[in-house]
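A structural walkthrough
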Number of protein chains: 2
Amino acid sequence: MSTREVHLINRPVGLPNDECFDIVEVELPTPEDGQVSVQNLFFSVDPYMRGRMRDAVSYSPPYQLGTVMHGGAVGEVTASEHDDFAVGDLVQSNLGWREAYTTSASSLVKLPANADMPSHYLGVLGMPGLTAYVGTLHIGQIREGDTFFVSGAAGAVGSVAGQIAKLKGCRVIGTAGSDDKCSWLTDALGFDVAINYRDSELVHSLSDAAPDGVDVYFDNVGYEHLEAAIALMNEGGRIAACGSISGYNEEVHRPGPSNLSLIVGKRINMRGFIVSDHSDLRSQFLSDMSTWMSEGKITTQETVVEGIENAAEAFRGLFAGTNMGKMVVKL
Amino acid sequence: MSTREVHLINRPVGLPNDECFDIVEVELPTPEDGQVSVQNLFFSVDPYMRGRMRDAVSYSPPYQLGTVMHGGAVGEVTASEHDDFAVGDLVQSNLGWREAYTTSASSLVKLPANADMPSHYLGVLGMPGLTAYVGTLHIGQIREGDTFFVSGAAGAVGSVAGQIAKLKGCRVIGTAGSDDKCSWLTDALGFDVAINYRDSELVHSLSDAAPDGVDVYFDNVGYEHLEAAIALMNEGGRIAACGSISGYNEEVHRPGPSNLSLIVGKRINMRGFIVSDHSDLRSQFLSDMSTWMSEGKITTQETVVEGIENAAEAFRGLFAGTNMGKMVVKL
């Protein structure tokens with residue numbers, strides 16, 4: 001039996017084009033002792049993957065050319081030679097952009113049998129959700145009454161971060177790249193203000209939206225967004241530096257904010273973080289997030305692209321902003 | 001009896017020229033009940049004063065035009081109408097660039113009777129020393145074995161910061177603007193490496209000096225120095241953001257470092273601080289610093305400019321780098 005997977009075959013310059021990827025047909029091995037075969041239901045496309053396409057030292061090793069695009073995926077066990085896994089079990093892996101695979105059971109995490117939306121484990125209940133949880137509560141140290149600003153607010157991380165800040169009693173401001181996204185943020189997610197950064201002078205819009213200044217900024221975008229946040233930040237403000245998607249496809253990095261020196265007088269604490277350092281918080285996160293979802297305090301939306309042949313296009317969509325909430329590929 | 005004081009009369013554009021200041025002759029009032037008259041021995045010129053010359057909201061209010069340049073000064077009581085102060089007492093004030101003044105006793109701090117170098121209370125035992133203490137120990141969280149990098153290392157703050165890091169067991173690297181200063185850093189102060197930033201490609205020199213990367217950066221300079229520090233920083237590195245003197249005389253801020261986004265993957269914690277927030281540490285600081293000085297672990301040097309008529313020139317010297325250690329004006 002054969003299956004398909006997506007390999008990175010050329011390192012991108014700028015936005016990754018179709019030359020960078022190849023869809024490869026491979027044999028699906030029959031599981032040996034201790035192994036499990038899985039049919040993926042969904043796999044994840046995430047902005048951080050762009051960083052791994054560079055041949056550079058970073059917090060994750062670079063993708064090797066000619067190998068599969070690793071990343072989060074959820075699927076269903078189709079054959080098992082391990083006692084802990086039975087056919088039909090839902091599992092999560094980090095084995096990426098493939099339709100099916102056979103692997104050691106130790107590389108799998110079993111999902112709850114009653115997981116009615118397994119794709120949530122790639123989003124609100126997965127890495128992006130934990131990133132939002134860590135960044136708001138532990139890095140940003142949000143407090144009731146804070147003005148909380150998040151960029152990339154309609155993305156998988158930003159949309160959850162804003163809602164956590166809201167349920168913790170913050171005034172919540174988010175930026176997104178379309179009026180539809182902004183309406184979603186305010187109408188469905190309860191943001192106090194959403195700013196379409198494409199048709200406004202960001203620092204002015206943010207100033208209007210934050211008459212008492214910004215206490216915590218959750219940065220997914222960097223550059224102009226970071227500069228506007230610093231300009232509006234209150235004394236003792238915190239910046240949870242999560243990413244800077246607006247620069248991910250640039251070969252030469254743009255200069256940083258010209259007002260960075262304000263972090264001295266404003267006593268700003270800017271802290272970069274990577275979610276994988278905080279896996280000790282995962283069980284508390286899952287418990288809190290499940291509760292919040294059941295109480296209706298956290299709402300999610302997914303942008304679903306169908307078919308492995310559209311994975312690269314889905315990935316590019318993250319940078320064009322075609323997703324509302326978490327972008328996943330459905331198989 | 002008359003005395004002289006320096007007023008700010010025009011807000012500077014760029015480096016403050018002589019048009020910005022006026023030396024004004026005023027009457028020295030006889031002290032009334034609760035007041036003290038003081039003859040200054042030294043007053044301080046500090047880089048932060050440039051910020052207060054701008055008509056902008058910051059952590060200190062702007063200097064008002066036509067009033068004295070406030071700042072640290074030490075002097076001797078010449079007349080007293082307050083029981084706590086006697087003629088001959090050494091006192092510290094924040095009343096700035098004046099030869100003599102009469103003030104309420106409550107605005108004065110008495111120095112120890114045995115203070116043989118009262119000017120030290122403007123430097124190593126004063127605001128710059130406490131800044132170095134707070135920035136290394138509390139903001140930078142230096143640990144034994146860290147590689148510690150400080151810019152502006154031959155200045156009042158940097159020279160003390162580097163020595164504190166050294167006595168705490170760090171490998172210490174500093175930058176300065178002349179070979180003489182660099183020799184002083186390594187030969188007199190015990191720095192492991194000193195880099196003359198004017199005749200080297202900073203990021204390369206720093207890379208050579210820090211083969212194991214930088215754990216803590218104490219930033220007095222900003223811009224290219226900050227960019228080089230970020231480039232060399234280890235995971236979990238800390239940046240104590242104290243100032244960015246290289247931009248203080250610019251009307252339009254230069255862009256920030258183009259590699260700022262690295263703070264995410266490197267999990268860098270960059271924290272701005274202002275010494276006046278940390279006055280709770282002053283008594284511990286004075287105790288520690290006095291001990292370190294008596295043990296010969298902290299060495300100081302002052303650049304002394306004589307005469308109130310040379311105050312503006314001394315101040316400009318901070319930006320040209322004419323000082324080695326603390327710059328003071330002697331009266």
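Residues numbered from 1 in each chain as written. Chains lettered and ligands numbered in written order. Predicted model: local features only at pLDDT ≥ 70, side-chain atom pairs only at ≥ 80, totals over all residues.

Another point: the overall build of chain A. Within chain A, the secondary structure is distributed over nine helices and 16 strands. For chain A, the C-alpha radius of gyration of 20 Å lies close to 20 Å, the compact-globule estimate for 331 residues. The buried share of chain A, taken over its 331 residues, is 51%. A sequence separation of at least 24 residues applies to 65% of the contacts in chain A between residues at least 6 apart. (Helix = DSSP H or I, 4+ residues; strand = E, 2+ residues; numbered from the N terminus. Rg over C-alpha atoms; globule rule 2.2 N^0.38 Å. Buried ≥ 20, exposed ≤ 12 C-beta atoms within 10 Å, placed from the backbone. Contact = placed C-beta atoms within 7 Å.)

In this section: the confidence of the model for chain A. Predicted coordinates in regions of low pLDDT should not be interpreted in detail. Overall, the predicted model of chain A reaches an average pLDDT of 96, with 100% of residues at or above 70. Reported confidence for the predicted complex is 0.94 by ipTM and 0.95 by pTM. (pLDDT = per-residue confidence, 0-100.)

Helices that pack against each other are described as a pair by the angle of their axes relative to one another and the distance between those axes. Residue and element names in this part refer to chain A. It is at 9 Å that the axes of helix H5 (residues 202-209) and helix H6 (residues 224-232) come closest, and there the two elements cross at 40°. Here H6 runs oblique to H5, going by the angle between their axes. Considering only the axes of H5 and H6, their crossing is right-handed. Contact residues: H5 offers Leu202, Val203, Leu206 and Ser207, while H6 offers Glu224, His225, Ala228, Ala231 and Leu232. Among the residues forming the contact of H5 with H6, the class breakdown is six nonpolar, two polar and one charged. (Axes fitted to C-alpha atoms, helices over the stretch in contact; angles between N-to-C directions. Parallel < 35°, antiparallel > 145°, perpendicular 65-115°, else oblique. Left-handed = near helix turned anticlockwise from the far one by under 90°. Nonpolar A, V, L, I, M, F, W, Y, C, P; charged D, E, K, R; others polar.)

Bringing the relation of the copies chain A and chain B into the picture now. When chain A is fitted to chain B, the best match, at an RMSD of 0.0 Å, comes from turning it 180° and sliding it 0.0 Å along the axis. Expressed as an axis order, the relation between the two copies is that of a two-fold axis. Ranked by how close their C-alpha atoms come to the rotation axis, the residues of chain A are headed by Gly256 of chain A, at 2.1 Å. When the interface residues of chain A are mapped onto chain B, 100% of them are again interface residues, pointing to one common binding face. (Least-squares fit on C-alpha atoms with pLDDT ≥ 70 in both.)

Our focus in this paragraph is the interface of chain A and chain B. Each partner contributes residues to the interface: chain A has 30 residues there, and chain B has 30 residues. Of all the secondary-structure elements, those providing two or more residues to the side of chain A that touches chain B are helix H7 (262-265) and strand S14 (269-272) of chain A. For the side of chain A that touches chain B, the element with the most residues is S14 of chain A, which contributes four residues. Grouping the constituent residues of the side of chain A that touches chain B by class yields twelve nonpolar, 13 polar and five charged. Pairing analysis gives three bridges linking S14 of chain A to strand S14 (residues 269-272) of chain B, with the strands arranged antiparallel. The residue of S14 of chain B that forms the bridge with Met270 of chain A is Met270 of chain B. (Pairing = 2+ DSSP bridges.)

A word on the domain arrangement of chain A. Residue and element names in this part refer to chain A. Considered domain by domain, chain A is made up of domain 1 (2-122 + 300-330) and domain 2 (127-276). For domain 1 versus domain 2, the distance between C-alpha centres works out to 28 Å. A per-class count over the side of domain 1 that touches domain 2 returns six nonpolar, six polar and two charged. (Domains from an automatic or database assignment.)

Now for the environment of Ala132 of chain B. Residues and elements named next belong to chain B. Of note, Ala132 is situated in helix H2 (residues 127-139). Judged by the 31 C-beta atoms lying within 10 Å of it, Ala132 falls in the buried class. Apart from the residues within four sequence positions on either side, Ala132 is in contact with Val157, Val160, Ala161 and Ile164.

Judged by nonpolar contacts, the single largest core of 203 residues is most densely connected at Ala229 and Val329 of chain A together with Ala229 and Val329 of chain B. Once you skip the residues sitting within four places of it in the chain, Val329 of chain A turns out to touch Phe42, Phe43, Val45, Val305, Ile308, Asn310, Ala311 and Ala314 of chain A. (Core = buried A, V, L, I, M, F, W, Y, C linked by C-beta atoms within 7 Å.)

Pairing between sheet strands relies on hydrogen bonds along the backbone, with the strands arranged either parallel or antiparallel. Residues and elements named next belong to chain A. Strand order in the open sheet formed by three strands is S2-S1-S4, with antiparallel pairing between adjacent strands. Both edges of this open sheet fall to strand S2 (21-27) and strand S4 (67-68), since each of them pairs with a single strand only. In this sheet, S4 lies alongside strand S1 (residues 2-8) in antiparallel orientation, the contact comprising two bridges. Across the sheet, the residue bridging to Leu8 is Thr67, located in S4.

The subject of this paragraph is the sheet that holds strand S1 (residues 2-8) of chain B. If you trace the three strands from one edge of the open sheet to the other, you get S2-S1-S4 (chain B), paired in antiparallel fashion. Strands at the two margins of the open sheet, each flanked by one partner only, are strand S2 (21-27) and strand S4 (67-68) of chain B.

Attention now goes to helix H9 (residues 311-320) of chain A. One turn of the α-helix equals 3.6 residues, which is why residues spaced by three or four share an orientation. Residues and elements named next belong to chain A. Listing the buried residues of H9 in full gives Ala311, Ala312, Ala314, Phe315 and Leu318. Angularly, the buried residues of H9 cover 165° about the axis, an arc narrow enough to put them on a single face. Contacts made by the buried residues of H9 are with S1, S2, helix H1 (48-52), strand S15 (302-306) and strand S16 (326-330). In the stretch just after H9, Gly321 is the one whose phi turns positive, near 80°. (Arc of directions from axis to C-beta.)

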